[in-house]
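Each chain, written out:
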Amino acid sequence: AGFTVEADKLEALTEFLQKRAMSGVRISSVRQFMADASLNIGGATVEFAETLERLAPFGSGNPAVRLIVHGAVNLKPEWTKGGEHIKTLLICPVSNARLSAIAFRAAGTPLADALFSTRGKHVSLAGQLKAQEWMGKRSASFQIEDVSPC
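Conventions we followed
Position numbers for residues start from 1 in each chain and track the written sequence from start to end. Selection of residues for local features in this predicted model requires a pLDDT of at least 70, selection of side-chain atom pairs for listing and counting requires 80 or more, and totals for whole chains, interfaces and linings are taken over all residues. Water and hydrogen atoms play no part in the side-chain values, which are based on all heavy atoms of the structure. Only protein chains enter the accessibility calculation, which uses a 1.4 Å probe; a residue is then buried when its area is under 20% of its type maximum, exposed when over 50%, and partly exposed in between. Going along the chain from the N terminus, every DSSP run of H or I of four or more residues is numbered as a helix, and every run of E of two or more is numbered as a strand. Should DSSP find at least two bridges between two strands, the strands are regarded as paired.

A. Focus on the pairing of strand β4 (residues 86-91). Where burial is concerned, most of β4 is hidden: five out of the six residues are buried. Relative to β4, strand β2 (residues 67-74) is paired through two bridges, and the arrangement is antiparallel. Opposite valine 73, over in β4, you have isoleucine 91 as the bridge partner. Pairing geometry for strand β3 (residues 78-79) and β4, over two bridges, is antiparallel. Along β4, the bridge assignment pairs glutamate 78 with lysine 87. Linking β3 back to β4 in an antiparallel pair, the connection comprises six residues, with glycine 83 at a positive phi of about 75°. Of the pairings in the sheet, the one linking β4 to strand β5 (residues 98-103) comprises six bridges and is antiparallel in character. Along β5, the bridge assignment pairs leucine 89 with serine 100. Two successive antiparallel strands, β4 and β5, enclose a turn made up of six residues, where asparagine 96 displays a positive phi of approximately 65°.

Here you go:
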């Protein structure tokens, strides 16, 4: 489909369309996430991560499971060796359960600023729980997509 516009009326049409497109639109600086479930750090086990991985393959018709972790302490965010990713340790202030977490490709992003500005503070995080293996030991890790202070 298409239509023809006389060249001398193109500017008026552009202005009309921009006004119509913006009518009723509210711009908010608040970012909203849709999550599949809430997760307590104590429940972030290798077995649970492996159960979630059985839902794969993930893609446009089957998105990965997004979880929210509320009220964790963002203990010690630090850059990984290459300086592109941020790793941290999350701690549950009630049970003292611990969970390693990582934000991939965070360099130069608002996520990096948020992670470092909340060092030692209570945060809520959005992301995915993954099972990983390092030197023959399996563990759970949280891949951070977003963070906000509590």
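Now, onward.
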